[in-house]
Amino acid sequence: MNEAEVQDHGSEESREEGRDGGISRRSALTAGAVGAAGLGLGLGALGTGAAAAEESTSAHVPKRQGSTMVGVPFERRSTVRVGIIGLGNRGGSVIDLYLAVPGVQVVAVCDPVRTKAEQASAKVVAAGRPAPAVYANGEHDYENLYRRGDIDFVHVATPWDVHFDMAKAALLNGKHVGVECPIALRLDQLWELVDLSERTRRHCMQLENCCYGRNEMRVLRMAHAGLFGDLLHGAGAYNHDLRGLMFSPTYYEGPWRRLWHTRLRGDLYPNHGFGPVANYMDINRGDRAVSITSVGSPSLGLAEYRAANMPAGDPSWKETYIESDRTISLVQTAKGRVIRLEHDVSTPHPYSRINSLGGTKGVFEDYPERIYIEPDHKNDSWGDFSKYAEWDHWLWKEHANPPGGHGGMDYMLVFRLMQCIQLGLVPDFDVYDAATWTSPVPLSHLSIKGKGQPQQIPDFTRGEWKKARSGMDSTRPSV
């Protein structure tokens with residue numbers, strides 16, 4: 001995989017889409033052959049195709065096997081020992097962030113591509129830290145990493161196909177685990193991670209960096225302070241032209257990212273948009289996402305790009321794309337609020353996560369950022385959002401110029417997560433948030449296949465959502 005760093009904000013989501021690299025080329029090509037043959041739709045090597053998604057449609061809430069993880073703090077660790085699995089674009093860059101946080105030790109790294117694992121190890125040594133153990137003996141060597149007794153937290157930054165298996169194995173080996181988006185791709189897998197987290201008493205988290213964006217955290221605090229009045233609606237998205245990257249022979253380790261467009265019709269990547277708006281509305285903390293209704297446009301963009309740019313005989317010509325070029329979903333909450341989600345990576349479009357929030361006193365819209373709230377604004381003229389810097393979250397006041405990519409949100413995520421472990425705090429989000437934010441992947445597919453038929457979103461909290469509790473809008477710990 002191309003290891004080039006893309007630093008400017010305008011190109012940051014090019015890295016975002018490549019951040020799950022780290023699987024071997026052999027695995028990626030195997031997945032390509034399976035996808036091209038129309039297989040891999042059950043519980044086999046991929047285990048995450050359309051047929052499997054359709055088998056897990058029930059909103060029935062199974063009986064709890066353990067006890068809730070709501071409000072459960074981490075065990076306090078003065079030094080947090082971290083293992084990182086997947087060292088492509090994403091894993092290869094987040095390792096720098098862990099090295100930038102005091103009191104964190106990277107003790108193990110894993111990738112089937114040995115050169116990537118060795119490069120990551122060299123970064124640790126260059127930072128003046130002890131060399132981490134290297135696990136690069138095949139695609140299942142991560143299981144040996146999990147057996148170590150000196151790891152407190154594991155960061156999984158691999159392709160989507162193996163997120164569930166790696167999260168499950170981490171929990172079964174007694175490790176707290178954070179997984180890049182999406183955490184799994186089927187409802188039964190989401191339920192299994194919820195149950196395992198409760199049984200093992202280990203946190204399983206969706207590492208949603210967009211929740212830590214400066215604008216997102218400012219809007220969060222303003223919403224909770226009542227500046228938007230009673231909240232009514234919000235929107236989030238992942239709209240970005242990724243055609244060139246998906247057909248690049250070097251950016252991804254094989255065609256795994258593009259192949260998902262041959263398997264599911266729905267929103268493949270809802271977390272960046274859903275997570276922040278869910279935080280604004282206290283989803284799972286006083287309100288709940290109840291149902292989702294999705295529609296999708298024809299799937300034409302990737303095929304047209306291929307016809308214009310790929311030579312005859314390229315393996316991509318064997319692929320049939322079914323994933324809607326533009327997916328639009330409406331999520332209804334228990335309080336009657338509406339959240340609009342969009343996904344489009346197959347057509348020309350400037351990058352946008354939309355990131356909007358509206359209430360009885362006004363509205364915020366991002367890309368570009370603008371605000372209109374009473375009584376500050378009038379005459380139908382947008383206001384200057386920069387004038388509301390006083391509402392910045394304490395993390396952004398304390399770290400005004402954070403290192404790392406994506407405008408600093410990546411560092412904020414890592415810093416805050418490590419702080420919660422070091423101080424023995426409850427994490428800002430948990431396995432129930434991970435399951436909720438990811439549930440649109442299979443459910444939007446089913447809704448689109450059913451011509452917009454609403455799908456019920458399970459109550460992964462099993463009733464705990466009715467209780468108000470803290471989340472992303474944290475207070476600065478006194479240390």
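Residues numbered from 1 in each chain as written. Predicted model: local features only at pLDDT ≥ 70, side-chain atom pairs only at ≥ 80, totals over all residues. Heavy atoms only, no water.

### Concerning the overall build of the protein
When its secondary structure is counted, the protein shows 17 helices and 14 strands. Intrachain contacts of the protein at a sequence separation of at least 6 include 77% that bridge at least 24 residues. Of the roughly 17400 Å² of accessible surface on the protein, a fraction of 52% belongs to carbon and sulfur atoms. (Helix = DSSP H or I, 4+ residues; strand = E, 2+ residues; numbered from the N terminus. Contact = heavy atoms within 4.5 Å. Areas by Shrake-Rupley, 256 points an atom, 1.4 Å probe, with all protein chains shown as cover.)

### A short note on the side chain of Asp-366
Looking at where Asp-366 falls in the secondary structure, it is placed in the loop between strand E12 (362–365) and strand E13 (370–373). A distance of 3.0 Å separates the side chain of Asp-366 from the side chain of Asn-355, its partner in a polar contact. When near neighbours in sequence (up to four residues on either side) are disregarded, Asp-366 contacts Asn-215, Ile-354 and Asn-355. (Polar contact = N/O pair within 3.5 Å; in protein donor to acceptor, adjacent residues only side chain to side chain.)

### Considerations on the packing of helix H16 (residues 431–438) against helix H17 (residues 440–449)
Between H16 and H17, whose axes approach to 6 Å, the crossing angle comes to 25 degrees. Overall, the two elements H16 and H17 adopt an arrangement that is roughly parallel. Contacts between H16 and H17 involve Thr-436, Trp-437 and Thr-438 from the former and Pro-440, Val-441 and Pro-442 from the latter. (Axes fitted to C-alpha atoms, helices over the stretch in contact; angles between N-to-C directions. Parallel < 35°, antiparallel > 145°, perpendicular 65-115°, else oblique.)

### Looking at the sheet that holds strand E4 (residues 153–156)
What the six strands build is an open sheet, ordered E3-E2-E1-E4-E5-E6; its pairing is parallel. The open sheet has two edge strands, strand E3 (133–135) and strand E6 (204–206), and neither has a second partner. Neighbour-to-neighbour, the strand axes of the sheet open up by a mean angle of 25 degrees, direction not taken into account. As paired elements, E4 and strand E5 (residues 176–179) share four bridges and run parallel to each other. (Pairing = 2+ DSSP bridges.)

### A short note on the pattern of salt bridges
Counted under the stated rule, the structure contains 30 salt bridges. In this structure, the salt-bridge partner of Asp-152 is Arg-77, at a minimum N-O distance of 3.3 Å. Highlighted residues: Asp-152 in the loop between helix H6 (142–146) and E4 and Arg-77 in the loop between helix H3 (50–54) and strand E1 (80–85), separated in sequence by 75 residues. Salt-bridge contacts for Glu-319 lead to Arg-258; the nearest nitrogen and oxygen are separated by 2.7 Å. Taken together, the residues Glu-319 in the loop between helix H13 (301–309) and strand E9 (327–333) and Arg-258 in helix H11 (residues 256–259) connect sequence positions 61 residues apart. Each member of the pair, Glu-319 as well as Arg-258, is classed as buried. Linked through salt bridges whose partners overlap, the residues forming this network are Arg-64, Asp-195, Glu-198 and Arg-462. (Salt bridge = Lys/Arg side-chain N within 4 Å of Asp/Glu carboxyl O. Buried < 20%, exposed > 50% of the residue type's maximum accessible area, 1.4 Å probe, protein only.)

### Remarks on the packing of helix H12 (residues 271–280) against H16
Where H12 contacts H16, the axes come no closer than 9 Å and their chain directions differ by 125 degrees. The angle between H12 and H16 falls in the class oblique. In this structure, H12 crosses over H16, and the sense of that crossing is right-handed. Contacts between H12 and H16 involve Asn-271, Phe-274, Gly-275, Ala-278 and Asn-279 from the first element and Thr-436, Trp-437 and Thr-438 from the second. (Left-handed = near helix turned anticlockwise from the far one by under 90°.)

### Quick word on the pairing of E12
Working note: regular strand, side chains alternate between the two faces of the sheet. Here strand E11 (residues 356–359) runs beside E12; their pairing, made up of three bridges, is antiparallel. Considered in E12, the bridge of Gly-359 is made with Gly-362. Linking E11 back to E12 in an antiparallel pair, the connection comprises two residues. Where E12 and E13 come together, four bridges link them in antiparallel fashion. If you follow Gly-362 over to E13, its bridge partner there is Ile-373.

### Considering the pairing of E9
Only one face of E9 is buried: it carries Thr-327, Ser-329, Val-331 and Thr-333, and the other face, with Ile-328, Leu-330 and Gln-332, is open. As defined by bridge partners, strand E8 (residues 289–296) adjoins E9 across seven bridges and the pair is classed as antiparallel. Following the sheet pairing, Thr-293 is matched in E9 by Leu-330. In terms of strand pairing, E9 meets strand E10 (residues 338–344) through six bridges, oriented antiparallel. Looking at E10, one finds that Ile-328 is bridged to Glu-342. Hairpin geometry of E9 and E10 is characterised by an intervening segment of four residues between the two adjacent antiparallel strands and by a positive phi of about 85 degrees at Gly-336.

### Quick notes on helix H15 (residues 409–423)
Over its 15 residues, H15 runs 21 Å from end to end, which matches the ideal 21 Å to within 8%, given 1.5 Å per residue. Judged by how many residues are buried, H15 sits mostly within the fold: 15 of 15 residues are covered. (Expected span 1.5 Å × (residues − 1).)

### Looking at the nonpolar core
The tendency in soluble globular proteins is for nonpolar side chains to be buried side by side. Counting residues in hydrophobic clusters, the biggest one holds 104 residues, and the most contacted among them are Tyr-98, Leu-145, Tyr-146, Tyr-212, Phe-228 and Met-418. It is H15 that contributes the most residues to this core, ten residues altogether. Those residues in contact with Tyr-212 that sit more than four places away from it in its chain are Met-217, Leu-395, Trp-396, Met-409, Met-412, Leu-413, Arg-416, Asp-428, Phe-429 and Met-472. Core analysis: the next-biggest nonpolar cluster, separate from the first, contains 22 residues, Tyr-251, Trp-256, Val-345 and Tyr-351 among them. (Core = buried A, V, L, I, M, F, W, Y, C linked by side-chain atoms within 4.5 Å.)

### Things to note about the sheet that holds E12
Taken in spatial order, the eight strands of this open sheet run E13-E12-E11-E7-E10-E9-E8-E14, and their pairing is mixed. Of all strands in the sheet, those bounded by a partner on one side alone are E13 and strand E14 (455–456). The sheet contacts of H12 involve strand E7 (231–239), E8, E9, E10 and E11, and relative to E7 the element is tilted by about 160 degrees.

### Some thoughts on the side chain of Asn-279
Within the fold, Asn-279 resides in helix H12. Asn-279 gets classed as buried once you look at its relative accessible area, which sits at 10%.

### Notes on the confidence of the model for the protein
Scored by pLDDT, the protein has a mean of 89; 88% of the residues are at 70 or more. This stretch, residues 1–58, has a pLDDT under 50; its non-local contacts, to residues over four places away or in other chains, come to 158 contacts. (pLDDT = per-residue confidence, 0-100.)

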